[in-house]
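What follows is each chain in one-letter form.
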Amino acid sequence: MLVEKNVPLQPFNTFRIVAKAHTLVRIGGEADLRAVLADPVLGPAEKLVLGGGSNVVLTGDVKAVVLKVEISGMRLLAEKPKAFIVEAGAGESWHALVAWTLAQGYPGLENMALIAGTVGAAPVQNIGAYGVELQDRFESLDAMDLHTGEVFTLNAAQCAFGYRDSVFKHGAPVQGAHQAMGLKGRALILRVRLALPKPWKPVLGYADIERKMLETGCRTPTPQQLFDWVCTIRRGKLPDPAVTGNVGSFFKNPTVTPEQCADIIARDPKVVHYHLDDGTVKLAAGWLIDSCGWKGKSVGQAGVYEKQALVLVNRGVGTDGEGATGGEVMTLARAIQTSVYERFGILLEPEPLIV
Ligand code: EPU
């Protein structure tokens, strides 16, 4: 086990915020993790599990022991009559897994192409895009309990998936979850297994995809075409984290009652909203922020992306300075929350983990 001290975290978070880890250990497999847990100093210390750093805002140096997950491997575990079961190590890049499954002839992840981050982070957030969420393709995962060293397996129900939510984001009990408690800060995901349904059926309902079908005149895309469309759509409206620091959507899309929605429509008839099966209504947070005039605005080096108001960006990357601080990002985020609350009465909830 190699323990690194005072490690710059700027390369390890996609917002490219400057911060240091007091202690960082790279986890290449279960043995590394067991060594950490057995260590008299590291074992009892607080820990922060870091995947691709694509869903975290660092507001200062990290005192918790950073466990940088680098568990690799992608393989077909089984071919069943109704699905390919694929297993991937938590440290693999999510997009690399999407591309690999497609190349191998196991389609089903293409709507989630180009989502930044690692395979291990995907269930934590229940990542999703263009009508497909991780939970729709999820089979099971293995994780290690950071208190006991026990390796356990969870199915979808035990992960308690919700919209950008899972048992891994809660410290308090979650109904149906592992050991009737939340696993926030308590588990490190080792491997994830996905079930890619046979026969493959494209998921085409999302407005941006419909637009592509109209543009191309193609109503029956192949998995590769759908993958290419999703990549083009995302590149058109979301900043590339390799060029501009960001963590994707900064806030969740809020859910309101039909009465609340009717009230907002009465004042702002153009509000973008979607009726959900459970009777509630989801509002487009990007639209709410946009209509408060935030697109292109900045606090220091932290800014609101010009093409998508739901994305906050680090305008300082690649300049002589150090770029946005976590404090600037959070000041901007709070100012956005205040103005959306004052105009619509809705408190936007951040999507990334604030550390
Ligand atoms: N909109 C505006 N102005 C803006 C941004 C959006 O008017 O500045 C409107 C759009 O015109 C559209 C609606 O808001 O009518 C929704 O926008 P979009 O389709 O871009 O999707 P989103 O709700 O902003 C969500 C996910 C994304 C995911 C896309 C596609 C969340 C928080 N975000 O974004 O996920 O890629 O849908 O499925 O649910 C992420 O989680 O990091 C992420 C990028």
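The structure presented is a predicted model; accordingly, all values stated were derived computationally and were not measured.

### Observations concerning a nonpolar patch on the surface
- Residues Tyr206, Val272, Tyr274 and Leu276 make up a contiguous nonpolar surface patch of about 320 Å² in total accessible area.
- Within the fold, Tyr206 resides in the loop between strand 12 (187-197) and helix 5 (207-216).
- Of the residues examined, Tyr206 reaches a relative accessible area of 37% and is grouped as partly exposed.

### A look at the site of the ligand
- Of all residues adjacent to the ligand, which total 24 residues, the nearest are Tyr130, Tyr163, Asp290, Gln308 and Ala309.
- Tyr206 is positioned such that a nitrogen or oxygen atom in its side chain is 2.9 Å from an oxygen atom of the ligand.
- Here Glu351 contributes a side-chain N or O atom positioned 2.9 Å from an oxygen atom of the ligand.
- Within the residue set of the shell around the ligand, elements represented by two or more residues are strand 8 (128-129), helix 6 (223-237), strand 13 (245-249) and helix 8 (285-291).

### Some points on the domain arrangement of the protein chain
- When cut into domains, the protein chain gives domain 1 (3-69), domain 2 (74-197) and domain 3 (245-354).
- In this structure, domain 1 and domain 2 have C-alpha centres spaced 21 Å apart.
- If you look at the interface, domain 1 gives 12 residues, while domain 2 gives 16 residues.
- Put simply, Arg191 and Glu30 hold a salt bridge, and the shortest N to O gap is 3.1 Å.
- Where domain 1 meets domain 2, there are 4 residue pairs in polar contact (both at pLDDT 80 or more).
- Among the elements of the structure, helix 1 (30-38), strand 3 (47-50) and strand 5 (65-69) are those that each provide at least two residues to the side of domain 1 that touches domain 2.

### Examining the pattern of salt bridges
- Tallied over the full model, the rule gives 22 salt bridges.
- Between Glu70 and Lys68 there is a salt bridge, with the nearest N and O atoms lying 3.7 Å from each other.
- Of the residues examined, Glu70 reaches a relative accessible area of 32% and is grouped as partly exposed.
- Between Glu139 and Arg193 there is a salt bridge whose closest N-O contact spans 4.0 Å. Residue Glu139 is found in strand 10 (residues 138-145), and its partner Arg193 is found in strand 12; the two are separated by 54 residues along the sequence.
- Among the charged side chains, a network of salt bridges with common partners joins Glu30, Arg34, Arg75, Glu87, Glu139, Asp142, Arg191 and Arg193.

### Examining the packing of aromatic side chains
- This structure, assessed with the given rule, holds 7 aromatic pairs.
- Ring plane angle 40° and centroid distance 4.7 Å describe the contact between Phe84 and Tyr106, whose orientation is recorded as tilted. Of the two residues, Phe84 sits in strand 7 (residues 83-89) while Tyr106 sits in the loop between helix 2 (94-104) and helix 3 (122-125), which places them 22 residues apart along the sequence. The two residues Phe84 and Tyr106 agree in class, both being buried.
- Pairing Trp100 with Tyr106 gives two aromatic rings, centres 6.0 Å apart and planes at 65°, and the pair type is edge-to-face.
- You can call Trp100 partly exposed: its relative accessible area is 22%.
- Members of the aromatic cluster, each reached through a chain of ring pairs, are Phe15, Phe250 and Phe251.
- A cation sits over an aromatic face here: Lys68 above Phe12, 5.0 Å from the ring centre.
- The cationic tip of Lys198 hangs over the ring face of Phe84; the distance from NZ or CZ to the ring centre is 4.9 Å.

### Re the sheet that holds strand 7
- If you trace the 5 strands from one edge of the open sheet to the other, you get 6-7-12-10-11, paired in antiparallel fashion. Across the chains shown, the open sheet's two edge strands, defined by having one partner strand only, are strand 6 (74-80) and strand 11 (151-155). Going across the sheet, the axis of each strand differs from the next one's by a mean of 20°, ignoring polarity.
- Set on the sheet, helix 1 makes contact with strand 10, strand 11 and strand 12; between it and strand 10 the angle comes to about 35°.
- Packed on one face of the sheet, helix 2 meets strand 6, strand 7 and strand 12 and runs near 45° to strand 6.

Cut-offs applied
- Residues numbered from 1 in each chain as written.
- Predicted model: local features only at pLDDT ≥ 70, side-chain atom pairs only at ≥ 80, totals over all residues.
- Heavy atoms only, no water.
- Patch = residues over 30% accessible without salt bridge, like charges linked within 9 Å, V, L, I, M, F, W, Y side chains within 5 Å.
- Areas by Shrake-Rupley, 256 points an atom, 1.4 Å probe, with all protein chains shown as cover.
- Salt bridge = Lys/Arg side-chain N within 4 Å of Asp/Glu carboxyl O.
- Helix = DSSP H or I, 4+ residues; strand = E, 2+ residues; numbered from the N terminus.
- Buried < 20%, exposed > 50% of the residue type's maximum accessible area, 1.4 Å probe, protein only.
- Near = heavy atom within 4 Å.
- Polar contact = N/O pair within 3.5 Å; in protein donor to acceptor, adjacent residues only side chain to side chain.
- Domains from an automatic or database assignment.
- Contact = heavy atoms within 4.5 Å.
- Phe/Tyr/Trp six-rings, centres within 6.5 Å; stacked < 30°, edge-to-face > 60°.
- Lys NZ or Arg CZ within 6 Å of the ring centre and 35° of its normal.
- Pairing = 2+ DSSP bridges.
- Axes fitted to C-alpha atoms, helices over the stretch in contact; angles between N-to-C directions.

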